[in-house]
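As a plain string of letters, each chain reads:
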Amino acid sequence: MSFWEPLPAISEGLPGAAEFGTRLRELHEALRDHPAPTPALDVPIGDVEAFLRSPFATRDDLEMARTLERIVPEVTAVRPVQRVHGDAHPRNLVRAGGTWTWTDFEESCTAPVSWDLAVMRGTGRLDGAEALRAYGGDDGELEPFRLLRELQATAWVRTRAAVGGA
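The sections below set out a description of the structure shown in this document.

Reading guide: rules and limits
- Residues numbered from 1 in each chain as written.
- Predicted model: local features only at pLDDT ≥ 70, side-chain atom pairs only at ≥ 80, totals over all residues.
- Heavy atoms only, no water.
- Buried < 20%, exposed > 50% of the residue type's maximum accessible area, 1.4 Å probe, protein only.
- Helix = DSSP H or I, 4+ residues; strand = E, 2+ residues; numbered from the N terminus.
- Contact = heavy atoms within 4.5 Å.
- Axes fitted to C-alpha atoms, helices over the stretch in contact; angles between N-to-C directions.
- Parallel < 35°, antiparallel > 145°, perpendicular 65-115°, else oblique.
- Left-handed = near helix turned anticlockwise from the far one by under 90°.
- Nonpolar A, V, L, I, M, F, W, Y, C, P; charged D, E, K, R; others polar.

A look at helix α4 (residues 114–122)
Here is step 1: For α4, a buried count of 7 out of 9 residues is recorded, marking the element as mostly surrounded by other parts of the structure.
Here is step 2: Those residues of α4 that sit buried are S114, W115, D116, L117, A118, V119 and M120.
Here is step 3: Contact partners of the buried residues in α4: α1 (17–31), α2 (42–53), β1 (82–84), β4 (109–111), α5 (128–135) and α6 (143–162).

A word on the side chain of Q82
Here is step 1: Here Q82 lies in strand β1.
Here is step 2: Taking the relative accessible area as the measure of exposure, Q82 reaches 8% and is therefore buried.
Here is step 3: Residue contacts for Q82: discarding those within four places in its chain leaves H28, L31, R32, A36, C109, T110, A111 and V113.

Focus: the packing of helix α3 (residues 62–77) against α6
Here is step 1: Their axes nearest at 10 Å, the elements α3 and α6 cross at an angle of 140°. The angle between α3 and α6 places the two elements in the oblique class. Taken as a pair, α3 and α6 cross one another with a handedness that is left-handed. From α3, M64, T67, L68, R70, I71, E74 and V75 reach across to α6, where they touch P144, F145, L147, L148, L151, T154 and A155.
Here is step 2: Looking at side-chain class alone, the contact of α3 with α6 contains 10 nonpolar, 2 polar and 2 charged residues.

Observations regarding the side chain of T123
Here is step 1: As for its position among the elements, T123 is in the loop between α4 and α5.
Here is step 2: Taking relative accessible area as the criterion, T123 reaches 13% and is therefore assigned buried.
Here is step 3: Excluding residues within four positions of it along the chain, T123 makes contact with H89 and P90.

A look at the packing of α2 against α6
Here is step 1: It is the contact of α2 with α6, at a shortest axis distance of 9 Å, that shows an interaxial angle of 45°. Here α6 runs oblique to α2, going by the angle between their axes. For α2 against α6, the interelement crossing comes out left-handed. Contact with α2, carried on its side by V43, P44, I45, D47, V48 and F51, involves L148, L151, Q152, A155, R158 and T159 of α6 and no other residues of that element.
Here is step 2: For the contact of α2 with α6, the per-class residue count stands at 8 nonpolar, 2 polar and 2 charged.

Some remarks on the environment of A155
Here is step 1: By secondary structure assignment, the location of A155 is in helix α6.
Here is step 2: Taking the C-alpha atoms as reference, A155 lies 20 Å from L117; in sequence the two are 38 residues apart.
Here is step 3: In this structure, A155 is in contact with D47, V48, F51 and M64, ignoring residues within four places of it in sequence.

This is the structure in structure tokens:
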């Protein structure tokens, strides 16, 4: 159970790319000293592993399993790690009472900030390259994290479709 302070009415619209990148950098700065007791990237890796063990996975998903096996050592070796949002896309940053507020921390995990940057960079809801520039991040280090996000999204979509929720 958690308790939250109610927000004033949420405004319509998404943040611009530069605004989003700046707000994500500020969030990471605020979370830097937060205790991060979980294993690195436990949420996205766990999501993919759970899908691969589920009745929804098929023999065609063998390549997904191989990709996961290949990239897990790479993404979990990156340091430093800290608490991150876990699902840093524009719909999880809302304007309420004139202030941008982060929501939907259910996928928060311990990870390199590259995880959130890869999620941000991969969104179709804003210019990810511009947001990354505003953040001050480096596109070159994101590829294994983007692959992991792609696997997680595929597992999520396939599971939702199988249970009739898509």
